[in-house]
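Read off the chains here:
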Amino acid sequence: MGIRIIAGKCVGCKQCVNACPFGAISMVEKLAVIDEFTCKLCGACVEACKVNAIEMDVKKVAEKQDITQYQGVAVYAETRNNELQEVAKELLSEGKKIADQLKISLVALLIGEDVKYLSEECFKYGADKVYVAQDKRLKNYTTSPYTRAVVDFVKEVKPEILLLGATTMGRDLAARAAVRLQTGLTADCTELGVDVAARAFLQTRPAFGGNIMATIVCPDHRPQMATVRPHVMKKVEVADFKKGPVIDLKINYEPKDFKVQVVEIIKEVKEQLNLAEADIIVAGGRGVQSADNFKLIKELAHLLGGAVGASRAAVDADWIPHFHQVGQTGKTVQSKIYIACGISGAIQHLAGMQSSDIIIAINKDADAPIFKVADYGIVGDLLEVLPALISEYKVQ
Amino acid sequence: MKNIIVCIKQVPDTEKVSINKETNTLIREGVPSIINPFDENALEAALQLKEKTGARVIVVSMGPPQVEEALRQALAMGADEAVLISDRVFAGADTLATSYTISQAITQIGNFDLIICGKQAIDGDTAQVGPGIAEYLDIPQITFVEEVEYVDNKFKVKRVVEDGLEVLSTELPVLISVTKDINEIRYPSLKGKMKAKSAKIEVFNAEYIKADETKIGLNGSPTKVTKIFTPTAKDSGEILCGDAKECAEKLVKKLKQEKLI
């Protein structure tokens, strides 16, 4: 174990207990005790300890990879149905910022059946060069052939940073590719930065249900990989963009890459938009009181061109399917407007929605925690407020 | 089908975690440990396949000795065997080292047709260990699965994606990770609980799983947490006053002014 408490020095002040983001430290007879398995060796307690009673070993690296040959930022430009996804534009824009700071280039990787024509769009969002892995067998995403394309791309191009969207595709693909590349991967980042002097890529993500933020680095392995939450980074078109080279990759697929076959793609014909992509979400909780009352939520959502969300309480009560659940055991959303109706604001719900731009809370209980994250609050009965909002919207 | 391996993780019940408003830190005292909710669905999926095919269900979990509690709960629900992967040298593992460690343990168990994981754990939320295990074992993976069908040695699953579902088919062995929508979990029977109480739980240490010491724990983890902080609290918002109609009027006006709607 790489960390220990020096019993003679510990004064039992509990500073470390409060500092530990993982709850790994407890007091036993006025002495701090670290649970070695819960401990992630983040060092927060070492910093917090005023009496230097915590000692931590420096990590040993078995064999240092030669990381100097890795250079540049790469973005996996996600496509579906041969169309560039919004998250790809967001990541190219963010990738360009990072590349500019480090004075290195930005490359995009396109994988799919007929995606080469999308290079132009990649240049528009800041790419200097575009690599394409195009093959008719790549029409629909499956893990193995896409992983091979990403891994072969990294071996050839050697980027120091590789970004993918934290989508169902990106998270599946990145997790597999990172292991094959034997490098670090940070999931679902909401903030990216660089320490230019140390040439370190700073990846920040919510942890513990959004209660804490953790900044993660990958000092000795390349590429430094991260998946990035959609809808967080701003897409910016480059005004005077230049078309750079477009390079075809030759990927040596193996038969075992095609063991999983796509039988069918079912597009959900939903009355509302998909939650993760929606700009406006109207969500209902326990305060909605019945499945019937959810009609009001749906009506407002429909009127605003938004999607319907729900808290766990409403889903557990069977008023609405789990598909609509926002929060830790549901979906994480990042909408422009989030209207929480009759939702008290338990932290696991907040974890799924609190990074929305504008949060509006409607609740009978003026002390409900949801008001703490709300930009606008209405203390009142949603059964009165929602109909008023609906008619007011129609009038104005 | 012979053996189904279910990977579970013991996590703090984040539903019961609250925030100390003065210090802005998490209050964890008295927070119980539970089986990661998605992993319970993974186990349920395995138990349903067991009923259909007569397969053996083996649960594995990596963590400290107290994870035994979670494993006994899994046994009480109907798992046949439980393996605890536990050793001091595993401490500080990130997802790469964890994937390696669990895959080594699974290799020791051997002879598996199917591995089922929850789609992610609610404490870390990475969704990376399942695919990592599949890569180490060199088998296909299908993540975010909400329906499984097993016919004639072939697997047909529905995978949830942003705008719908993908129907995929694969041969065994395969690793799948499941969502909450895949099933309703069962509760342990009294008989199951009694049996689980006295069941033997195997403990695999680093030596037993033939772990390469450069690939486990802190040494095997490329990522490092450099900073932990609480998200900056929003400035307190504005409470709109008046009756329902007045509030509605004010709100719509504000949103229109800011061109949000």
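Structure: above.
Scoring rules and cut-offs
Numbering of residues begins from 1 in every chain and follows the order in which that chain's sequence is written. Chain labels run from A onward and ligand labels from 1 onward, assigned in the order the entries are written. Where totals are concerned, whole chains, interfaces and linings use all residues; where local detail is concerned, this predicted model gives features only for residues with pLDDT of at least 70, and gives and counts side-chain atom pairs only at 80 or more. Hydrogen atoms and water are omitted, and side-chain values are computed over all heavy atoms in the structure. Strand pairing is defined by DSSP finding a minimum of two bridges between the two strands. Helix and strand labels come from DSSP, where a helix needs a run of H or I of at least four residues and a strand needs a run of E of at least two; each type is numbered from the N terminus. To get an axis, a line is fitted to the C-alpha atoms, and for a helix only the part in contact is used. The angle between two axes follows their N-to-C directions and goes from 0 to 180 degrees. An expected span of 1.5 Å times one less than the residue number is assigned to each helix. Burial here depends on accessible area, computed with a 1.4 Å probe over protein chains only, as a share of the maximum for the residue type. Under 20% is buried, over 50% is exposed, and the range in between is partly exposed. Definition of a polar contact: a pair of N or O atoms within 3.5 Å, with one able to donate and the other able to accept a hydrogen when the atoms are protein atoms, and with sequence-neighbouring residues admitted only if both atoms are side-chain atoms. The contact criterion used throughout is that any non-hydrogen atoms of two residues lie within 4.5 Å. Note: buried area is the sum, over both parts, of the accessible area (probe 1.4 Å) each one loses when the two are combined. For this analysis, a salt bridge means a side-chain nitrogen from Lys or Arg found within 4 Å of a carboxyl oxygen belonging to Asp or Glu. Asp, Glu, Lys and Arg are counted as charged, while Ala, Val, Leu, Ile, Met, Phe, Trp, Tyr, Cys and Pro are counted as nonpolar; the rest, among them Gly, fall into the polar class.

J.: Break down the sheet that holds strand S11 (residues 185–189) of chain A for me, with residues and values.
T.: All names here are of chain A. As summarised here, the arrangement of the seven strands in space is S11-S15-S10-S5-S8-S9-S16, forming an open sheet in which the pairing is parallel. Two strands close off the open sheet at either side, each with one partner strand: S11 and strand S16 (246–248). When strand polarity is set aside, the average angle formed by the axes of neighbouring strands in this sheet is 20 degrees. Note that strand S10 (residues 161–165) and strand S15 (residues 224–228) share five bridges and pair parallel.

J.: Please provide a residue-by-residue account of helix H3 (residues 95–109) of chain B, values included.
T.: Residue and element names in this part refer to chain B. Taking 1.5 Å per residue as the helical rise, H3 with its 15 residues ought to reach 21 Å, and the 21 Å between its terminal C-alpha atoms agrees with that figure. Burial analysis of H3 places twelve of its 15 residues in the buried class, the great majority of the element. One side-chain oxygen at the N-terminal end of H3 lies 3.0 Å from the backbone nitrogen of Leu 96; it belongs to Asp 94. Looking one or two places after H3, you find Gly 110, whose phi comes out positive at around 65 degrees.

J.: Could you give an account of the interface of chain B and chain A, naming the residues involved and the relevant values?
T.: In this assembly, 92 residues from chain B lie in contact with 94 residues from chain A. Summing both partners gives a buried area of about 8600 Å² for chain B against chain A, and 58% of it is carried by carbon and sulfur. Across the chain B-chain A interface, the total number found is eight salt bridges. Put simply, A:Arg80 and B:Glu162 hold a salt bridge, and the shortest N to O gap is 3.4 Å. The interface formed by chain B and chain A includes 33 residue pairs in polar contact (both at pLDDT 80 or more). Sorting elements by how many residues they give to the side of chain B that touches chain A places helix H6 (residues 244–257) of chain B first, with eleven residues. For the side of chain B that touches chain A, the class distribution of residues is 40 nonpolar, 23 polar and 29 charged. Here strand S17 (residues 261–267) of chain A runs beside strand S11 (residues 164–171) of chain B; their pairing, made up of six bridges, is antiparallel. Looking at S11(B), one finds that A:Val262 is bridged to B:Leu168.

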